[in-house]
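This is what each chain is made of:
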Amino acid sequence: MSRTANVKRTTKETDIVLSLAIDGTGKGEIKSGIGFFDHMLEGFAKHGLFDLTLSVNGDLHVDGHHTVEDTGIVLGQAVREAVGDKKGIRRYGFFILPMDDALCLCAVDLCGRPYLDFSCEFKTERVGTLDTELVKEFFQAVSYSAGMNIHIRMLSGENAHHMTEAMFKAFGKALDMATGKDERITDVLSTKGSLS
């Protein structure tokens, strides 16, 4: 069974088309209009071994907020749709990823309940044309749209580029683990019998 999703979302602020394959090879074709954000999503796809295609036409003449937040909403929807009933998946995933001065811990739970614990303080306001305050907004949107617990802790780091990149890559690795199949799990991994 193919674990894929195609999601379209159009508002007065953004027009987004996204396709996601959970069992991919790490191919990313990303065009959000924010170069550094594209780079981060490509890293997420590559290191999570997801195939991700994304096209965003957003109101960047205002700022990047709607583009980044709405992309998080759509990606979360795609993850929720692609994993389906969650039977046989590991549910939990975690990774500690180093990138030069940065060391990031990311843990996720595909439990059906949204929650974000984001512990990272950037010393700069932006990387490229991406406002660093929007990084948390992105993960908040993914969490609520996917129904996923996400815990992100920057254990060390000075350079905002390295810190953000470590975060997106760690998220990809953790999500890959959580969505991975385990043949010993024949139903959903929950004593309640449901992950919704």
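Residues numbered from 1 in each chain as written. Predicted model: local features only at pLDDT ≥ 70, side-chain atom pairs only at ≥ 80, totals over all residues. Heavy atoms only, no water.

**Q** Help me understand the nonpolar core, please; the structure alone is not making it clear to me.
**A** For soluble globular proteins, nonpolar side chains are generally found buried alongside one another. If you look at the biggest cluster of nonpolar residues, it comprises 59 residues, and the most contacted ones within it are F139, M148, M167 and F171. Of the residues forming this core, the biggest block, 10 residues, is contributed by helix 4 (residues 160-179). Once you skip the residues sitting within four places of it in the chain, F171 turns out to touch F44, C106, V108, F139, V142, M148 and I150. (Core = buried A, V, L, I, M, F, W, Y, C linked by side-chain atoms within 4.5 Å. Buried < 20%, exposed > 50% of the residue type's maximum accessible area, 1.4 Å probe, protein only. Helix = DSSP H or I, 4+ residues; strand = E, 2+ residues; numbered from the N terminus. Contact = heavy atoms within 4.5 Å.)

**Q** Looking at this model, I keep getting lost on the pairing of strand 1 (residues 4-10). Mind explaining?
**A** Both faces of the sheet carry side chains from a regular strand, because those side chains alternate between them. Relative to strand 2 (residues 14-21), strand 1 runs antiparallel, the two sharing 7 bridges. The partner of A5 across the bridge, within strand 2, is L20. Counting the residues between successive antiparallel strands, the hairpin from strand 1 to strand 2 contains 3 residues. (Pairing = 2+ DSSP bridges.)

**Q** I tried to follow the side chain of K169 on my own but got confused; where do I start?
**A** Mapped onto the secondary structure, K169 falls in helix 4. The class for K169 is buried, based on a relative accessible area of 14%. Within the local environment of K169, its side chain forms a polar contact with the side chain of E165, the two groups lying 3.0 Å apart. (Polar contact = N/O pair within 3.5 Å; in protein donor to acceptor, adjacent residues only side chain to side chain.)

**Q** Is there a simple way to think about the sheet that holds strand 5 (residues 92-99) in this case?
**A** To summarise the sheet geometry, strands pair through backbone hydrogen bonds and adopt either a parallel or an antiparallel arrangement. Taken together, the 4 strands give an open sheet; going across it, the order is 5-6-10-7, and neighbouring strands pair in mixed fashion. Either end of the sheet is taken by a strand with one partner, and the two such strands are strand 5 and strand 7 (115-119). Recorded for the sheet is a direction-independent mean angle of 10° between the axes of neighbouring strands. Note: strand 6 (residues 102-109) against strand 10 (residues 149-156), 7 bridges, orientation antiparallel. Bridge assignment links V108 to a residue of strand 10, and that residue is I150. Contacts between helix 3 (residues 133-146) and the sheet are confined to strand 7 and strand 10, with strand 7 contributing the most and set at about 160° to the helix. This element, helix 4, spans strand 5, strand 6, strand 7 and strand 10 of the sheet and lies at about 150° to strand 5. (Axes fitted to C-alpha atoms, helices over the stretch in contact; angles between N-to-C directions.)

**Q** Help me understand the packing of helix 2 (residues 65-83) against helix 3, please; the structure alone is not making it clear to me.
**A** Relative orientation of the contacting elements helix 2 and helix 3 amounts to 30°, with a least axis distance of 7 Å. The orientation of helix 2 relative to helix 3 falls into the category roughly parallel. When you trace helix 2 past helix 3, the crossing you get is right-handed. Facing helix 2, whose interface residues are H65, V68, E69, T71, G72, I73, L75, G76, Q77 and R80, helix 3 presents L134, E137, F138, A141, V142, Y144, S145 and A146. (Parallel < 35°, antiparallel > 145°, perpendicular 65-115°, else oblique. Left-handed = near helix turned anticlockwise from the far one by under 90°.)

**Q** Honestly, the sheet that holds strand 2 in this entry has me stumped. Any pointers?
**A** Spatially, the 4 strands line up as an open sheet ordered 1-2-4-3, and their pairing is mixed. Here the strands that pair on one side only, and so sit at the sheet edges, are strand 1 and strand 3 (28-31). The average undirected angle you get between the axes of adjacent strands in this sheet is 5°. In this sheet, strand 4 (residues 51-58) lies alongside strand 2 in antiparallel orientation, the contact comprising 8 bridges. Directly across from T14, in strand 4, lies its bridge partner G58. Contacting strand 3 and strand 4, helix 1 (residues 35-48) crosses the sheet at an angle of about 160° to strand 3. Packing against the sheet, helix 2 makes contact with strand 1, strand 2 and strand 4, and its axis sits at approximately 145° to strand 1.

**Q** Looking at this model, I keep getting lost on helix 2. Mind explaining?
**A** Spacing of three or four residues puts side chains on the same side of an α-helix, whose turn is 3.6 residues. With 19 residues, helix 2 extends 27 Å between its outermost C-alpha atoms, agreeing within 8% with the 27 Å of an ideal straight helix rising 1.5 Å per residue. Within two residues after helix 2, G84 carries a phi angle of roughly 60°, on the positive side. (Expected span 1.5 Å × (residues − 1).)

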